[in-house]
Amino acid sequence: MASRPGLIRRFFGFLWRAVGFLRNLALNLLFLAIVAAVAAAWLHEGRPRLEPNTTLVLDLTGPVVEQRTGARARFALLQALAEGERETPLPDLLAALDAAAADPKIGRVLLLLDDMGDAGLATLSEIASAIGRVRAGGKQVIAWASTYDQRRYFLAAHADRVLLHPFGGVMLRGFGGYRNYYRDALESVGVTVNVFKVGRYKSAVEPFSQNEPSEEAQRDEQALLGDLWAQYVTAVEAARRLPAGSIERLIDELPQRFAAAGGDSARLALQEKLVDALQTRDELRALMIEQGAADPKHKTFRQIGLAQYLNTLQEKDGDAVGVVVASGEMLDGDLPPGLVGGRSTAELIRRAREDDSIKAVLLRVRSPGGSVFAAEQIRHELEVTRKAGKPVLVSFGDIAASAGYWVSLAADEVIADPATITGSIGVFALIPSADRAWDKLSLHTHGTTTTWLAGALDPRRPLDPRARDLLQTGVARMYREFVGRTAAARNLTTEQVDELAQGRVWTGRQAHEHKLIDRAGTYRQALQAAATRAGLGKDFRVAYIEREPRGIDRLVGMLFGEASLPALPLLGLLPDAGPLAEAMQSIGADIRWLREAARDPLAAQSHCLCSAERLLGPD
């Protein structure tokens, strides 16, 4: 039997632990004091003083998102440390552009687009509309980039002047891309993906059950891409005052025209009137000094950035339209911004309903779908809000398909951009069976269960036929529920909805023609419609109902939220850029999606496995 430590030993042990505790406490307090000092220094600067004839510089960085994926406190710290942002929130961008249109101290807007990342066509159209309002306010808008992909060029085309680096180019290639199909690969390792679906066009599961898309899926995607590309081309040609068909002819004749330009892509862009001039960055700086005002202290032109300009704007008070953002994959439970949690999003809607200062609720949706249960939780909370007497509107962003469309079925009004990807009314479930993989590895599985169902869904065993019937019956019932709810919400018959459903995907323009939405319009128009229904008039407040990290999560999120993002490239295991990297990343994304979809086989899914950003091609 071990002897108990003596009194002196216990005393010094206690003393040592106490010293360790105090040391850790002191270090933590010192660390928090440093963070607080940095934040205080940033806050002490107060509102920046805006001089006349200032240029608003919008240096778009990263993807354009509906809301920040981290805490606002973390954003403030990054700004204080001059780290900048890794994403550009759409509401911030629209607020800055609309304010600049009427601000007498803003002389012009400069768009710097080199670091801009993903954005769907609906988002780009929203920003382009705001650029148009700045120009209508008498302010010049200038765009510059070292090279333009299709996303960047769409925004640039709506500016007064489009400038390009002399060694740059404009790459217009059309919409679409390629997808991996895994049936043979999975079969080769002994894995079969059992699919249960309703909808001839419900193609989300095809990559795992087939080696190529079905004819229905190909027709559906061709119709979708054709409409989106037509919208893109029409908008760009109108903005640049190019003859109709110019872009199609340029792409068709690109080898010959490129050769005629001596292989100089910047010269070709200038000849084709895609850009107005070729300028380096220092030449751009000289131009902005000439057209605006000089800043001798910093040896540049008088300017203000997006974050700083937003800090100059006065916040409104009074009654508001409350906005709840549902952006990302739709999953069960509580989830942070960047994903749509059924329970957490429903809770935000409840908060908006119970806030007396919020007179109308707008759900902003940018989701390809996911869990039907999560979607129903959100739809139900909107229904309760509507019955409580508050107007409920839904605005669709780049994509609002499958479960992303389901959530709209309790709204007073549904508004979508003409380029929104929506519809995809269909349901599926899937479960992989890996019994043959076990055979290949000479692994054996045995056990005892009290009922046939207890082991029926075990992926190490062949799928029980009774489980197959169970899953198909559940999926069929959920599809009927989806069609029935859509028919009731849209004042259509179930037969009419079934013809439009079957998993088929529509653009916002097509959805309006088929009465799946109330009207085509922008996010700004949806906000105004909500305010009008609530009797708020034109000068109303917009309140974003958001879930902030709490406690230790707040601190960790501020400091380490994105620390792991560059890890894989540093390991040297995968390339971090280029076509090969994108192909490898797509495989990883598909495997993660399959794993999540199969996590609960009995839970119905409504997902279109489509991306508004992917359709526009790589960056």
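Structure shown above.
Let me begin by describing the structure that accompanies this report.

### A closer look at the overall build of the chain
Thought 1: When you go through the chain residue by residue, the secondary structure sums to 25 helices and 24 strands.
Thought 2: When burial is assessed residue by residue, the chain has 47% of its 619 residues classed as buried.
Thought 3: Considering only intrachain contacts with a sequence separation of at least 6, the fraction spanning at least 24 residues in the chain is 76%.
Thought 4: A total of about 30400 Å² of accessible surface is found on the chain, and carbon and sulfur atoms cover 55% of it.

### Some thoughts on the side chain of Arg379
Thought 1: On the secondary structure map, Arg379 appears in helix α15 (residues 372-387).
Thought 2: Exposure remark for Arg379: the relative accessible area of 4% places this residue in the buried category.

### Description of the packing of helix α14 (residues 342-354) against α15
Thought 1: Across the interface, α14 lies against α15 with an axial gap of 8 Å and an inter-helix angle of 10 degrees. Put simply, α14 runs roughly parallel to α15. Contacts between α14 and α15 involve Gly342, Arg343, Thr345, Ala346, Ile349, Arg350 and Arg353 from the former and Ala374, Gln377, Ile378, Glu381, Leu382, Val384 and Thr385 from the latter.
Thought 2: Its residues assigned to classes, the contact of α14 with α15 shows six nonpolar, four polar and four charged.

### Here's the deal with the side chain of Glu126
Thought 1: Relative to the helices and strands, Glu126 is located in helix α4 (residues 121-136).
Thought 2: There is no salt bridge for the buried Glu126, and the closest opposite charge comes from Arg364, which lies 4.4 Å off by N-O distance.

### So, unusual backbone geometry
Thought 1: With a phi angle near 55 degrees, Lys299 is a residue other than glycine that sits in the positive phi range.
Thought 2: With respect to the element layout, Lys299 can be found in the loop between β9 (294-295) and β10 (300-301).
Thought 3: A residue is classified by how much of its surface remains accessible, and Lys299, at 73% relative accessible area, is exposed.
Thought 4: The backbone of Lys515 shows a phi angle near 65 degrees, a positive value even though the residue is not glycine.
Thought 5: One can find Lys515 in the loop between α20 (508-513) and β22 (519-520).
Thought 6: Judged by relative accessible area, which is 53%, Lys515 ranks as exposed.

### Concerning the packing of aromatic side chains
Thought 1: If you walk through the whole model with that rule in mind, you get eight aromatic pairs.
Thought 2: Summarising the aromatic geometry, the rings of Phe175 and Trp229 are spaced 5.1 Å apart at their centres and angled 70 degrees between planes, so their arrangement reads as edge-to-face. Of this pair, Phe175 sits in the loop between β6 (161-164) and α6 (183-188) while Trp229 sits in helix α8 (residues 215-239), and the two are 54 residues apart along the sequence. Comparing Phe175 with Trp229, the two get one shared label, buried.
Thought 3: Aromatic side chains Tyr182 and Phe208 sit 5.8 Å apart centroid to centroid with 15 degrees between the ring planes, which places their arrangement in the stacked category.

### A word on the environment of Ser327
Thought 1: Within the fold, Ser327 resides in strand β12 (residues 320-327).
Thought 2: With relative accessibility at 14%, the residue Ser327 sits in the buried group.
Thought 3: Considered as a pair, Ser327 and Gly338 are 11 residues apart in the sequence and their alpha carbons are 5.9 Å apart.

### A look at helix α12 (residues 281-291)
Thought 1: All of the buried residues along α12 are Leu284, Leu287 and Met288. Within α12, the buried residues cover an arc of 95 degrees as seen down the axis, which keeps them to one side.

### Some points on the environment of Glu51
Thought 1: Positionally, Glu51 belongs in the loop between α1 (7-44) and β1 (54-59).
Thought 2: In sequence terms Glu51 and Pro104 are 53 residues apart; their C-alpha atoms lie 9.9 Å from each other.
Thought 3: Separated by 2.9 Å, the side chains of Glu51 and Arg49 make a polar contact.

### Some thoughts on a nonpolar patch on the surface
Thought 1: A surface patch of nonpolar side chains, about 260 Å² in accessible area, is lined by Trp452, Leu453 and Leu470.
Thought 2: Topologically, Leu453 is positioned in the loop between α17 (435-440) and α18 (465-490).
Thought 3: Judged by its relative accessible area of 40%, Leu453 is partly exposed.

### Quick look at helix α3 (residues 90-102)
Thought 1: Under the 1.5 Å per step criterion, the end-to-end length of α3 is 19 Å for 13 residues, consistent within 8% with the ideal 18 Å.
Thought 2: In terms of residue burial, α3 counts as a mostly covered element, since 10 of its 13 residues are buried.
Thought 3: Here α3 has its buried residues at Leu90, Pro91, Asp92, Leu93, Leu94, Ala96, Leu97, Ala99, Ala100 and Ala101.

### Details of the nonpolar core
Thought 1: Grouped together as the largest cluster of nonpolar side chains are 79 residues, with contacts concentrated most on Leu113, Tyr148, Tyr153 and Tyr232.
Thought 2: With residues near it in sequence (within four places) discarded, Tyr153 still touches Tyr148, Val162, Val170, Leu172, Tyr232, Val236, Arg240 and Leu274.
Thought 3: Grouped together as the second largest cluster of nonpolar side chains are 54 residues, Ala326, Trp406, Ala456 and Leu516 included.

### Quick word on the sheet that holds β6
Thought 1: Pairing is parallel in the open sheet, where six strands are placed in the order β8-β6-β5-β4-β1-β11. Edge strands, defined here as strands with exactly one partner in the open sheet, are β8 (277-278) and β11 (303-305).
Thought 2: Bridge analysis of strand β5 (residues 140-145) against β6 gives four bridges, and the strand direction is parallel. Pairing of Trp144 across the sheet is with Leu163, part of β6.

The rules behind the values
Residues numbered from 1 in each chain as written. Predicted model: local features only at pLDDT ≥ 70, side-chain atom pairs only at ≥ 80, totals over all residues. Heavy atoms only, no water. Helix = DSSP H or I, 4+ residues; strand = E, 2+ residues; numbered from the N terminus. Buried < 20%, exposed > 50% of the residue type's maximum accessible area, 1.4 Å probe, protein only. Contact = heavy atoms within 4.5 Å. Areas by Shrake-Rupley, 256 points an atom, 1.4 Å probe, with all protein chains shown as cover. Axes fitted to C-alpha atoms, helices over the stretch in contact; angles between N-to-C directions. Parallel < 35°, antiparallel > 145°, perpendicular 65-115°, else oblique. Nonpolar A, V, L, I, M, F, W, Y, C, P; charged D, E, K, R; others polar. Lys, Arg positive; Asp, Glu negative; His and termini not counted. Salt bridge = Lys/Arg side-chain N within 4 Å of Asp/Glu carboxyl O. Phe/Tyr/Trp six-rings, centres within 6.5 Å; stacked < 30°, edge-to-face > 60°. Arc of directions from axis to C-beta. Polar contact = N/O pair within 3.5 Å; in protein donor to acceptor, adjacent residues only side chain to side chain. Patch = residues over 30% accessible without salt bridge, like charges linked within 9 Å, V, L, I, M, F, W, Y side chains within 5 Å. Expected span 1.5 Å × (residues − 1). Core = buried A, V, L, I, M, F, W, Y, C linked by side-chain atoms within 4.5 Å. Pairing = 2+ DSSP bridges.

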